[in-house]
Amino acid sequence: MRIGMICYPSYGGSGVVATELGKQLAFRGHEVHFISYERPFKLDLFHENIIFHEVDIVDYPLFKFPPYSMALASKIYEVAKWAGLDLLHVHYAIPHAVSAYLAKQMLKGELELPVITTLHGTDITIVGLEKQFYDITRFAIQSSDGVTAVSRSLRDETLRRFKLNRQIEVIYNFVDPEEYRRLPCPQLKKRFTDGEDKLLIHISNFRPVKRLKDVVDLFALVNSKIPSKLLLVGDGPDGSYIHEYVRKIGLLDRVFFLGKQERVVELLSISDLCLLPSEKESFGLVALEAMACQVPVVGTKVGGLPEVVRDGETGILEKVGNVAAMAERAVKLLSDEESYLQMALESRRHAVNKFHVDDMVTNYLKYYEVFL
Ligand code: GMT
C-alpha cells in the first residue's frame, strides 16, 4: 500500500503515534509518505519505504498568517499524484482533516484518495470546541471516509460534542515492549538520588491541561512522608511558572527540570511512579510508556485514562484536583514493597497484553482495507 501520513512533527502524542505507526507500516513493506512542515522528530532512521515531504510555507508581506492549511493541501495533492497514494491517514483533525478534504476535492477525476482521520484529544476536547473551529472541524470529521479515535471515551465525546451520527472506530495507542522496558540504569539513578529517595516522574508538554501545580503538590505531599525526588521532563507554557512555584515552596533541591527529551526510556526505568494528574487526557500515551517500563501511574479518572490505567491494579486514579487522595494512596503503595512490586509487574503485563504495537498496527491495516 502507498500511504500518506499527515501529522505534527513536534513533541506531542499525536505526532509520536503517527510516526511510530508509519515506521511499523514501512517495516511491513508498505510505502509511507510523511507530509509535514518538518521531519517528525521520531523519524530518526533511514528506511527505503519511508519518504518525508516537507510542506513549503511561502511568506509574503501581505500575510500576517501564512496559509499553512492550503500549503499542506497542495503538498498532499502533489504527493498523491506522483506517488500514486492509495490512502491518506491524517492525525489530529485541525487543520489536517480540512487540508485532506481540500486535496481530495482537487484530485477528483484524477485519483480516488480515501481519507482516514485519527482524533487524538485536544483537537476535539479543547481546540475543536473553539467557536471559530467548531463547524469546520465537524465538517471535516463528517467528510472523512474513515474516522478513528484513540479511546472509547474520545469516540463518545466526539459524537456527543459534535452531534455526529457516524461510525468512529476505536484503535488504542500502542507501545513497543522491546523499546519500552525497564533497563538497568544505576549510574543515571545515582545522578538524582543516593538510593534512599524514591523517584517520581512527570513527562508532558507543560500545558495547563496537565495541571503542573498538582504534579508538584502531589510530589510535595509524598515527599513529606517518604523522601523523594521529582523529575520534570518536557517544557511548555507553564514551564517558568512552575519553576517559580517550586522555588517558592522551597523544593528546588528536590525537583529536577530536565527539559524536552527525545528518549525517556532510561528516565522511566529509574522511576518509581509516573504522575499524570491531568484535567483532560484522551489516552495518556506517557502513562502507557511508563507502565511498559514497570512504573505505576498516579493520575486522574478523566477521558481515556481509565481505559489505559487500571485503578488499583496498574496505578492510582482519583478525581481531578484531589491531590490529597492521590498522595495518600501513593504513599501507601510506596510503603508496601510487595504491593508495589505486584503493581509494577502488572503494569508491564497489562501494557504488553492490551496495547502491543503489533496488534494495533494490524488493527489500522484492517481498517484501511475497508476503504480500498
Ligand atoms: O500531541 C499532542 O500535542 C499532545 C496531545 C494532543 O492534543 O494531541 O495529546 C493527545 O493525544 C495523545 C496521543 O493520542 C494522547 O495520548 C493524549 O492523551 C492527548 N492529550 C489530551 O487529551 C490532553
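Residues numbered from 1 in each chain as written. Predicted model: local features only at pLDDT ≥ 70, side-chain atom pairs only at ≥ 80, totals over all residues. Heavy atoms only, no water.

If you check an unreviewed UniProt entry, the chain appears there as Glycosyl transferase group 1 from Thermincola potens.

**Student:** Run through the UniProt feature "domain: Glycosyltransferase subfamily 4-like N-terminal" (unreviewed entry) in the chain, naming residues and quoting values.
**Tutor:** Per the UniProt record, "domain: Glycosyltransferase subfamily 4-like N-terminal" (unreviewed entry) is annotated on residues 11-178. The distance separating the terminal C-alpha atoms of residues 11-178 is 21 Å; by composition the span is 41% helix and 16% strand. (UniProt positions renumbered as here; feature names shortened; annotations may be inferred. Helix = DSSP H or I, 4+ residues; strand = E, 2+ residues; numbered from the N terminus.)

**Student:** Kindly report on the UniProt feature "domain: Glycosyl transferase family" (unreviewed entry) in the chain, identifying the contributing residues and their values.
**Tutor:** The UniProt record marks residues 189-347 with the feature "domain: Glycosyl transferase family" (unreviewed entry), using the residue numbering of this structure. Between the C-alpha atoms that bound residues 189-347 there is a distance of 21 Å. The span itself is 42% helix and 19% strand.

**Student:** Kindly report on the packing of helix 1 (residues 13-27) against helix 15 (residues 357-370), identifying the contributing residues and their values.
**Tutor:** Two numbers describe a pair of packed helices, the interaxial angle and the distance between the axes. At a minimum axis distance of 10 Å, the contact between helix 1 and helix 15 shows a crossing angle of 80°. Classed by the angle they form, the pair helix 1 and helix 15 counts as roughly perpendicular. Residues Leu 21, Gln 24 and Leu 25 of helix 1 form the contact with helix 15, whose participating residues are Val 357, Asp 358, Val 361, Tyr 364, Leu 365 and Tyr 368. A breakdown of the residues in the contact of helix 1 with helix 15 according to their chemical character gives seven nonpolar, one polar and one charged. (Axes fitted to C-alpha atoms, helices over the stretch in contact; angles between N-to-C directions. Parallel < 35°, antiparallel > 145°, perpendicular 65-115°, else oblique. Contact = heavy atoms within 4.5 Å. Nonpolar A, V, L, I, M, F, W, Y, C, P; charged D, E, K, R; others polar.)

**Student:** Could you give me a rundown of the packing of aromatic side chains, with the residues and numbers involved?
**Tutor:** Counted according to the given criterion, the structure contains 10 aromatic pairs. Between Tyr 134 and Phe 162, the ring centres sit 4.9 Å apart and the planes meet at 10°, which makes this aromatic pair stacked. Here Tyr 134, found in helix 5 (residues 131-143), pairs with Phe 162, found in the loop between helix 6 (152-161) and strand 7 (169-170); they are 28 residues apart in sequence, far enough to count as distant. Here Tyr 134 matches Phe 162 in class, with each residue buried. In this structure an aromatic cluster arises from ring pairing among Tyr 172, Phe 283 and Phe 355. (Phe/Tyr/Trp six-rings, centres within 6.5 Å; stacked < 30°, edge-to-face > 60°. Buried < 20%, exposed > 50% of the residue type's maximum accessible area, 1.4 Å probe, protein only.)

**Student:** Any chance you could break down the side chain of His 47 for me, citing the residues and the numbers?
**Tutor:** Position of His 47 among the secondary structure elements: in the loop between strand 2 (31-36) and strand 3 (50-54). Classification of His 47 as buried rests on a relative accessible area of 15%. Within the local environment of His 47, its side chain forms a polar contact with the backbone nitrogen of Asn 49, the two atoms lying 3.0 Å apart. Among residues more than four places away in sequence, those in contact with His 47 are Ala 26 and Phe 27. (Polar contact = N/O pair within 3.5 Å; in protein donor to acceptor, adjacent residues only side chain to side chain.)

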